[in-house]
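# Structural overview
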Amino acid sequence: MQYWRTHGDLMAMTTYLGLHASPGADPMDCSVTSQVKRQLFAAIFTHDKVTATFTGRPAFLSRRFSSTPLPLDMSDEVLFSGGSPPAGYRDCRVDDNGWSTDGKLYVTTTLRARAMLAYVRDEILELALQGNDFGGKSALLNLKRREMQIVAGFPPCILYQPEDVRNPDLPGRDLYARLLVWLEHLQNLFLIERLLSKQQQDDDDDEAPSRLFAISLEMVTLAHLFWTHQNRLKTVEDCVEWTTTCFAAPAGGILCMELLRGNTATHDVATTRAVVVEKLGMLAAFLDWVGPGSPNYDICFRVKRVVRRVLEQALEMPVRRDLLEGAGHWNVENWEMDLNSFFSFDLLDTFDWLRPE
């Protein structure tokens, strides 16, 4: 409750100060006052979407009532140089799209990229929460296409590559920023795919295979890096818990479903049953590492209990698929349970994240 009061005060103060409103503003304005305002609003808007996604509650801020442009990808040295005001945005070393021409990863690079993804997230939450018709499959496909176009326009310095983890020349701060931005991109795709699968189920449409399993597997794999590579990422314990609970736990629910169904081999030749068991085992190991005094301990404990039960049943030889929960197992053939009830997330059911297909 204390967090919600603080969060509500932050949102109220944001609109009271008018941080969300800049009608007619020049998107390429390089002045210190405009950039500081835009950076602050971008951070608050992104935080609001992260909170709404994590809890399943409606967001406080909406893109429909926000006219403040995105901050430019400028270094603090350029922004606070103290010299004469720049004649144009090119003097601030940014291109026509607002990205830095230096090719370096600044704090504003991450902030700008996350804010762009947050605006897409705002649309996703709007589609997920509204009860009336939202345009169906076409609206979701258009949103997915726009998400991919936005990420394709990101500069290379903010895009995560698998070899980044093994690159000793890449600073831990840059690796952390790349991972976080890529995970938020995957989470957008995750939510879109969940809505698409629900739409296809309602329409009895089996036209296109869902990428939900592949996205979930990648989310769990990348979220583990915040724990296994803490020496490089230099993250605090609470941050590791948050990334795991926010990204790995919902995606882990999808992996649990597929493992119980025995459908892992149908997705990708490289995705064997052993790989899924390995990822879920690592997830359970991390959740066991979270201590009772941690802020997210209750959620982590419930998720750990579910993951372990899934692994226990999946690793039995032979796998018994006809047992009821009363005997310590779940009936997989007639799956009518909602994993949300097992994971006991607060209001995640709002978005149908973990419901069966």
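Reference entry: report on the structure contained in this document. From a predicted model like this one, the values you see are computed outputs, not experimental measurements.

## Digging into the overall build of the protein chain
- Within the protein chain one finds twelve helices and zero strands.
- Shown N-terminal to C-terminal, the secondary structure of the protein chain runs as helices and strands in the order α-α-α-α-α-α-α-α-α-α-α-α.
- Buried residues in the protein chain amount to 52% of all 357 residues.
- By element, 55% of the accessible surface of the protein chain is carried by carbon and sulfur atoms, the whole surface being about 17000 Å².

## Let's talk about the packing of helix α4 (residues 107-129) against helix α5 (residues 136-152)
- Axis separation between α4 and α5 bottoms out at 10 Å; the angle between their running directions is 170°. By the criterion of interaxial angle, the relationship of α4 to α5 is roughly antiparallel. Contact with α4, carried on its side by M116, L117, V120, E123, I124 and L127, involves L140, L143, R146, E147, I150 and V151 of α5 and no other residues of that element.
- Residue composition of the contact of α4 with α5, by class: nine nonpolar, no polar and three charged.

## Quick word on the pattern of salt bridges
- Per the counting criterion, the structure on display carries 13 salt bridges.
- For the salt bridge of K49 with D122, the shortest nitrogen-to-oxygen distance reads 3.9 Å. Taken as a pair, K49 in helix α2 (residues 32-55) and D122 in helix α4 lie far apart in primary sequence, 73 residues in all. In this pair, the class of K49 matches that of D122, namely buried.
- A salt bridge links R308 to D288; the shortest N-O distance between them is 3.7 Å. Within this pair, whereas R308 is found in helix α11 (residues 297-314), its partner D288 is found in helix α10 (residues 273-289), the two being separated by 20 residues in sequence.
- By sharing partners, the salt bridges in this structure join D48, K49, R63, R64, D122 and E126 into a single network.

Each value, and the rule that gives it
Residues numbered from 1 in each chain as written. Predicted model: local features only at pLDDT ≥ 70, side-chain atom pairs only at ≥ 80, totals over all residues. Heavy atoms only, no water. Helix = DSSP H or I, 4+ residues; strand = E, 2+ residues; numbered from the N terminus. Buried < 20%, exposed > 50% of the residue type's maximum accessible area, 1.4 Å probe, protein only. Areas by Shrake-Rupley, 256 points an atom, 1.4 Å probe, with all protein chains shown as cover. Axes fitted to C-alpha atoms, helices over the stretch in contact; angles between N-to-C directions. Parallel < 35°, antiparallel > 145°, perpendicular 65-115°, else oblique. Contact = heavy atoms within 4.5 Å. Nonpolar A, V, L, I, M, F, W, Y, C, P; charged D, E, K, R; others polar. Salt bridge = Lys/Arg side-chain N within 4 Å of Asp/Glu carboxyl O.

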